[in-house]
Amino acid sequence: MSLVDRHFLDFQNITSKKVSDFFSKVNSLNLNQQNEPNGKVVAHLFFESSTRTQLSFNMATIKNGASPLNFTPETSSMKKGETFLDTILTVEAMGVDAFVIRHGFEDSLKNDIIPHLKTPVISAGEGVSGHPTQALLDSFTILKHRGKLEGEHVLFIGDIEYSRVAKSNFELLSLMGAKIGICCPEELMPLSNEFEFEFFERLEDGLKWSSVCMALRFQRERHKGNLTFDFNSYQLNKNNLKKFSAEGIIMHPGPFNRNVEITDDVLKDPRSVIWNQVSNGVKIRTVLLGEVLDL
Ligand code: NCD
């Protein structure tokens, strides 16, 4: 049984049982056992910048015995006016077996792209609509370090409104029975009340409540106008983490701005699992791609 039927854009139509079965598969994956080359090709189309998502999908493609086809928008025919859809259709016509796509338009894969494609698509982050593989690797990391997801108190800090990571995490954590907390300035509160959450005005209070805390990068490239709040009130540092459980875990999806949303010393705190998130990303994406490629 696979996690996804064909495409992977969000957690609609995915059950908690499917996620748990998927995590068991990820747990038993041996990344040192590489698949034999199978001739499959995965197109990695990143229309927005990325380091860990892009490279971990590359790793996942290679570990599956497939080959990555990479793309650089800056030197592509998009510079000559070719559209997003026509670029994707051109790559499909070359005969690729799957797409991994990151782009900046809201919900565009579902509405504008997939209806025209025969090839499976995995979202690698879509505007502020979602980043489902990040949510999978985050939940898997929580499960590994905390032993369970159900009943965990997961606090998201900072730029909630513009975070596609938070959006997908809310979807998956709600599905898996975790409790969500948020601590953010009023200007960056999520607009929709689609998910149930506890709101904490003071970071210390949120940290006392939580078993998992996740700092988020301020998405400056997506903000409209100047923000007026004090960034320091949403910074994870040595001082406020005294209020956080000794058994809790500290997360950040990356990329982090050192000493803005998280201080240098917190990155080295024994409770930090930030580098584990990166490693787990390779495992999650390897299993997911293996399923999508029918290996
Ligand atoms: C995030 C993203 O691109 O949404 N990064 C990631 O994929 N790990 C978070 C961010 O850019 O802040």
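Our subject is the structure listed above.
Draft legend 1. Quick look at the overall build of the protein. In terms of regular secondary structure, the protein is built from 9 helices and 9 strands. Over its C-alpha atoms the protein spans a radius of gyration of 19 Å, differing by no more than 12% from the 19 Å that the globule rule assigns to 295 residues. Within the protein, the proportion of its 295 residues that are buried is 55%. Relative to all contacts within the protein whose residues are 6 or more apart in sequence, the contacts with residues 24 or more apart total 74%. When the accessible surface of the protein is split by element, carbon and sulfur atoms take 48% of a total near 13600 Å². Looking at the protein, you have 32 positive and 37 negative side-chain charges, and the mean spots of the two groups are 6 Å apart.

Draft legend 2. The arrangement of the packing of helix α1 (residues 16-27) against helix α5 (residues 132-146) in detail. Following both chains from N to C, one finds α1 and α5 inclined at 75°, their axes separated by 11 Å at the closest point. Put simply, α1 runs roughly perpendicular to α5. Judged by residue contacts, F22, F23, V26 and N27 of α1 engage L136, S139, F140, L143 and K144 from α5. Taken together, the residues of the contact of α1 with α5 break down into 6 nonpolar, 2 polar and 1 charged.

Draft legend 3. Local environment of the pattern of salt bridges. Going through the model one piece at a time under the given rule, you end up with 13 salt bridges. Between K17 and D21 there is a salt bridge whose closest N-O contact spans 2.7 Å. Linking K17 with D21, this pair stays in helix α1, spanning 4 residues, or about one helical turn. In this structure, the salt-bridge partner of R164 is E48, at a minimum N-O distance of 2.9 Å. One end of the pair, R164, is in helix α6 (residues 164-175); the other, E48, is in the loop between β1 (41-46) and α2 (52-63), and 116 residues separate them in sequence. Judged by its relative accessible area of 8%, R164 is buried. Each of E48, R164 and R222 takes part in one network of salt bridges that share partners.

Draft legend 4. The arrangement of the nonpolar core in detail. In terms of nonpolar packing, the biggest core is built from 50 residues, with L3, F8, F22, L136 and F156 touching the most fellow members. Other than its neighbours up to four places away in sequence, F156 contacts A166, N169, F170, L173, I180, G181, I182, C183, M214 and L216. In terms of nonpolar packing, the next biggest core, distinct from the first, is built from 23 residues, L188, A215, L241 and L267 among them.

Draft legend 5. Summary view of the packing of α1 against helix α9 (residues 274-292). Contact geometry for α1 and α9: axes closest at 9 Å, N-to-C directions at 110°. Looking at the two axes, α1 sits roughly perpendicular to α9. In this structure, α1 crosses over α9, and the sense of that crossing is right-handed. Residues F22, F23, K25 and V26 of α1 form the contact with α9, whose own contacting residues are K283, I284, V287, L288 and E291.

Draft legend 6. Geometry of the state of the cysteines. What the rule picks out here adds up to 0 disulfides. Unpaired in this structure, C183 has its nearest cysteine sulfur neighbour in C184, at a distance of 7.0 Å. The class for C183 is buried, based on a relative accessible area of 0%. Classification of C184 by relative accessible area gives buried; the value is 2%.

Draft legend 7. A look at the site of the ligand. Taken together, R52, T53, R102, H131, Q134, R164, V165, R217, Q219, P253, G254 and P255 make up the full set of residues near the ligand. Within the side chain of T53, an N or O atom sits 2.9 Å from an oxygen atom of the ligand. One of the backbone N or O atoms of G254 is found 2.9 Å from a nitrogen atom in the ligand. Burial of the ligand by the protein chains amounts to 94% of its free accessible area of 320 Å². Sorting the residues of the shell around the ligand by element identifies α2 and α6 as the ones contributing at least two each.

Draft legend 8. Up close: the sheet that holds strand β7 (residues 198-199). Reading across from one edge, β7-β6-β5-β8-β9 is the order of the 5 strands in this open sheet, with parallel pairing throughout. At either margin of the open sheet sits one strand with a lone partner, and together these are β7 and β9 (249-251). Sheet topology places strand β5 (residues 153-157) next to strand β8 (residues 212-215); 4 bridges connect them, and they run parallel. Note on β8: the bridge partner recorded for I157 is A215.

Cut-offs applied
Residues numbered from 1 in each chain as written. Predicted model: local features only at pLDDT ≥ 70, side-chain atom pairs only at ≥ 80, totals over all residues. Heavy atoms only, no water. Helix = DSSP H or I, 4+ residues; strand = E, 2+ residues; numbered from the N terminus. Rg over C-alpha atoms; globule rule 2.2 N^0.38 Å. Buried < 20%, exposed > 50% of the residue type's maximum accessible area, 1.4 Å probe, protein only. Contact = heavy atoms within 4.5 Å. Areas by Shrake-Rupley, 256 points an atom, 1.4 Å probe, with all protein chains shown as cover. Lys, Arg positive; Asp, Glu negative; His and termini not counted. Charge placed at Lys NZ, Arg CZ, Asp CG, Glu CD. Axes fitted to C-alpha atoms, helices over the stretch in contact; angles between N-to-C directions. Parallel < 35°, antiparallel > 145°, perpendicular 65-115°, else oblique. Nonpolar A, V, L, I, M, F, W, Y, C, P; charged D, E, K, R; others polar. Salt bridge = Lys/Arg side-chain N within 4 Å of Asp/Glu carboxyl O. Core = buried A, V, L, I, M, F, W, Y, C linked by side-chain atoms within 4.5 Å. Left-handed = near helix turned anticlockwise from the far one by under 90°. Disulfide = S-S within 2.5 Å. Near = heavy atom within 4 Å. Polar contact = N/O pair within 3.5 Å; in protein donor to acceptor, adjacent residues only side chain to side chain. Pairing = 2+ DSSP bridges.

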